[in-house]
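Residues per chain, in single letters:
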Amino acid sequence: MAISVKSEREIELMRMSCKLLADVFQNLEKAVKPGMSTMDINNLGDKLIRAHGCVPNFLNYNGYPASICVSVNDEVVHGIPHKDHILQEGDIVSLDAGLIYKGYHSDMARTFGVGEISEEARLLIERTRQSFFDGIKMAKAGNHLFDISNAIDASISPHGYGIVRDLVGHGIGTKLHEDPQIPNFAQRRRGPKLQAGMTLAVEPMINMGRADVEWLDDDWTVVTEDGSLSAHYENTILITEGEPEILTLY
Ligand code: MF3
Ligand code: CO
């Protein structure tokens, strides 16, 4: 399938969708504290999205039962919020969310520390973030998609972390998941050529230990097989002739 190239009008709608989502995240980040349940975070996020007059795009997506994915410690992504799952000092929590504004989707994720966290957890979060920025240095018109994948891999590999291979980034627009798929590990081929007006969700998921993941019996929660911590960093970006525009930054 072809990768959609957005018109100026569509890009404006994507910008607004992403700006509203970034605002939601800014408020969620402030709210993350020991003692809060993962369901409290979901409920706050859901409320903030709807207060903008938007709709959470994750809710009921392929049957996903919540508005915000809340993944704690060895949970990689798609953690389901529970009222009896209480965040503890020293946990790390990955929040992943998106919304629909006038038919246009946004998607982003961050991993936050709960209170004081270990130095190794802090480094995992920081290096995951850095790999996103190293990856998108390659994200410009005329380059190839897998230049991004290769740059993320090169950023992470020296640290010996596991790059999750079972989940990838994606195009985004009038649907949450559009073509292309964007792996976070090195590729042999170059992939499709990037064009100005493409909007992509680039989202490295990095494990402190091995790359392998497994699915819990709830059919959603993805966890590291070796029980090691995992971090996630995602933004929706716009490809231009020059530097990419990071639409979900705050
Ligand atoms: N945020 C995920 C992604 O980045 C999608 C989550 S879909 C849900 O692609 F159903 F789990 F919410
Ligand atoms: Co995504």
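Below is a short write-up of the structure. (Residues numbered from 1 in each chain as written. Chains lettered and ligands numbered in written order. Predicted model: local features only at pLDDT ≥ 70, side-chain atom pairs only at ≥ 80, totals over all residues. Heavy atoms only, no water.)

1. Some points on the sheet that holds strand 9 (residues 199-202)
Here comes step 1: Pairing within the open sheet is antiparallel, and its 5 strands lie in the order 8-7-9-14-15. The open sheet has two edge strands, strand 8 (178-182) and strand 15 (245-246), and neither has a second partner.
Here comes step 2: The pairing of strand 7 (residues 169-171) with strand 9 spans 2 bridges and is antiparallel. When the bridges of strand 9 are listed, G171 appears paired with L200.
Here comes step 3: Contacting strand 9, strand 14 (235-238) and strand 15, helix 1 (residues 8-31) crosses the sheet at an angle of about 155° to strand 14.
Here comes step 4: Here helix 4 (residues 145-156) sits on the sheet in contact with strand 8 and strand 9, set at roughly 35° to strand 8. (Pairing = 2+ DSSP bridges. Helix = DSSP H or I, 4+ residues; strand = E, 2+ residues; numbered from the N terminus. Contact = heavy atoms within 4.5 Å. Axes fitted to C-alpha atoms, helices over the stretch in contact; angles between N-to-C directions.)

2. What to know about the pairing of strand 4 (residues 92-101)
Here comes step 1: Buried residues dominate strand 4, accounting for 9 of its 10 residues.
Here comes step 2: Across 2 bridges, strand 1 (residues 55-56) lies against strand 4 in antiparallel orientation. Bridge pairing in strand 4 links P56 to L99.
Here comes step 3: With 4 bridges joining them, strand 2 (residues 69-72) and strand 4 adopt antiparallel strand pairing. Looking at the pairing, V70 lines up with L95 of strand 4.
Here comes step 4: In terms of strand pairing, strand 4 meets strand 5 (residues 104-113) through 10 bridges, oriented antiparallel. The residue of strand 5 that forms the bridge with A97 is M108.
Here comes step 5: Counting the residues that bridge the hairpin from strand 4 to strand 5 gives 2 residues, and of these K102 lies at a positive phi of roughly 45°. (Buried < 20%, exposed > 50% of the residue type's maximum accessible area, 1.4 Å probe, protein only.)

3. Here we look at the coordination of the cobalt ion (ligand 2)
Here comes step 1: Around the cobalt ion (ligand 2), the protein contributes the donor atoms D107 (OD), H170 (NE2), E203 (OE) and E234 (OE), which lie 2.1 to 2.2 Å from the metal centre.
Here comes step 2: The sequence motif formed by the donor residues of the cobalt ion (ligand 2) is D-x62-H-x32-E-x30-E. Of this pair, H170 sits in strand 7 while E234 is found in the loop between strand 13 (230-232) and strand 14, placing the two residues 64 residues apart along the sequence. Here H170 and E234 have matching classes, each one buried. (Donors = N, O, S within 2.8 Å, 3.2 Å for Na, K, Ca; no water.)

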